[in-house]
Amino acid sequence: MLIPSIDLMGGRIVQLVQGEKLKLAFDDFEYWIERFSSYPLVQLIDLDAAMRKGDNRPLIEQITHRLPCQIGGGVRTPDQARALLDLGAKRVIFGSMLFRADLEHPVDVEAASGIADAIGSEAFVASVDTKAGKVAIRGWQEQTSVSPLDAMRQLEPFCGTFLYTHVDTEGTMTGFPFSMAESLRAATSRNLIVAGGIREQREIDLLDGIGVDAVAGMAVYSGHLKA
């Protein structure tokens, strides 16, 4: 299944390359809301909140009222997650706060357990963003010492869905590494969504064939992928 992505920064819909270089920007929200209205799920990310540079709360509220969304970006507490669910979010994405600088215990399983207790595992999406083979946090600016497969193993008891972003190919439209998708699928029984470099419908169909959903942004907004 294709999950279109709406990434917000500075009050606009944007697409970045590898989380750093601004490639595309739009402010015609009505057009994109209408275009994505037939999808069972849309991914809505507040990049400013993720990078701790403010937030796009009014836009989050506007879009969530009209589209079925899983929302992420700077969500740090169960209370924040509950507030998003109260707005109508279907699921909430947690990323950086699931990890810490501790080299021996980089995955915060206590935090994950607390989230599951507060909002339920089905509403809890654990984001495992990977750069150069290790989980990257805080807007992909810092790397941990843990591999994505090990992180997923430790988080498996608590979340209902994993969101894996391959940062090395994010926004490049060079294709998602299918072998990685196969490894991830074999590592978890949870719902699995992947992102990073998706460029064509054939990829989405192949991923769907192994039970993996795909988030696409750059390919959709640039017109390479029909959505």
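Conventions and cut-offs
The numbering scheme is per chain: residues are counted from 1 as the chain's sequence reads. pLDDT decides what is reported in this predicted model: residues at 70 or higher carry local features, side-chain atom pairs at 80 or more are listed and counted, and totals for whole chains, interfaces and linings draw on all residues regardless. For the side-chain quantities, the full set of heavy atoms in the structure was used; hydrogens and water were omitted. Buried, partly exposed and exposed residues are distinguished by accessible area as a fraction of the type maximum, computed with a 1.4 Å probe on protein chains only: under 20%, between the cut-offs, and over 50%, respectively. Strands are runs of DSSP state E lasting at least two residues, helices are runs of H or I lasting at least four, and both sets are numbered from the N terminus onward. Note: the arc covers the axis-to-C-beta directions of the helix. Contacts were defined at the residue level, with two residues in contact if any of their heavy atoms lie within 4.5 Å. To pair, rings of Phe, Tyr and Trp, with the six-membered ring standing in for Trp, must have centres within 6.5 Å; the planes then decide the type, stacked if under 30 degrees apart, edge-to-face if over 60, and tilted in the middle. Under this scheme, a helix contributes an axis fitted over its contacting stretch, all axes are lines through C-alpha atoms, and angles between N-to-C directions fall in the 0 to 180 degree range. Here the angle decides the label: under 35 degrees means roughly parallel, over 145 means roughly antiparallel, 65 to 115 means roughly perpendicular, and every other value means oblique. Throughout this entry, Asp, Glu, Lys and Arg are counted as charged residues, while Ala, Val, Leu, Ile, Met, Phe, Trp, Tyr, Cys and Pro are counted as nonpolar. The remaining residues, Gly among them, count as polar. What makes a salt bridge here is a side-chain nitrogen of Lys or Arg within 4 Å of a carboxyl oxygen of Asp or Glu, nothing more.

**What about helix 6 (residues 148-155)?**
- Burial in helix 6 covers these residues: Pro148, Ala151, Met152 and Leu155. For helix 6, the angular spread of the buried residues around the axis is 100°, confining them to a single face.
- Buried residues along helix 6 sit against helix 5 (109-119), strand 7 (124-131), strand 8 (134-137), strand 10 (161-166), helix 7 (178-187) and strand 11 (191-195).

**Overview of the packing of aromatic side chains**
- As enumerated under the stated definition, the model contains nine aromatic pairs in all.
- For the ring pair Phe94 and Phe124, a centre distance of 5.7 Å and an interplane angle of 85° mean the geometry is edge-to-face. Here Phe94, found in strand 6 (residues 91-94), pairs with Phe124, found in strand 7; they are 30 residues apart in sequence, far enough to count as distant.
- On the basis of relative accessible area, Phe94 is assigned to the buried category, the value being 0%.
- Using a relative accessible area of 1% as the deciding quantity, one classes Phe124 as buried.
- Through pairs of rings, three or more aromatic residues link up here, namely Phe26, Tyr31, Trp32, Phe36, Tyr39 and Tyr221.

**Quick look at the packing of helix 3 (residues 57-64) against helix 4 (residues 78-87)**
- Relative orientation of the contacting elements helix 3 and helix 4 amounts to 40°, with a least axis distance of 9 Å. When the interaxial angle is binned, helix 3 and helix 4 end up oblique. Together, Arg57, Ile60, Glu61 and Thr64 of helix 3 and Ala83, Leu84 and Leu87 of helix 4 make up the contact between the two elements.
- Partitioned by chemical class, the residues of the contact of helix 3 with helix 4 number four nonpolar, one polar and two charged.

**Considerations on the side chain of Thr169**
- Topologically, Thr169 is positioned in the loop between strand 10 and helix 7.
- Other than its neighbours up to four places away in sequence, Thr169 contacts Thr174, Gly175, Pro177, Gly196 and Gly197.

**Digging into the pattern of salt bridges**
- Applying the stated rule across the entire model yields six salt bridges.
- Among the ionic pairs, Glu34 bridges to Arg66, the shortest N-O distance being 3.1 Å. Of the two residues, Glu34 sits in helix 1 (residues 29-35) while Arg66 sits in the loop between helix 3 and strand 5 (69-72), which places them 32 residues apart along the sequence.
- Under the relative-accessibility criterion, Glu34 is labelled partly exposed at 45%.

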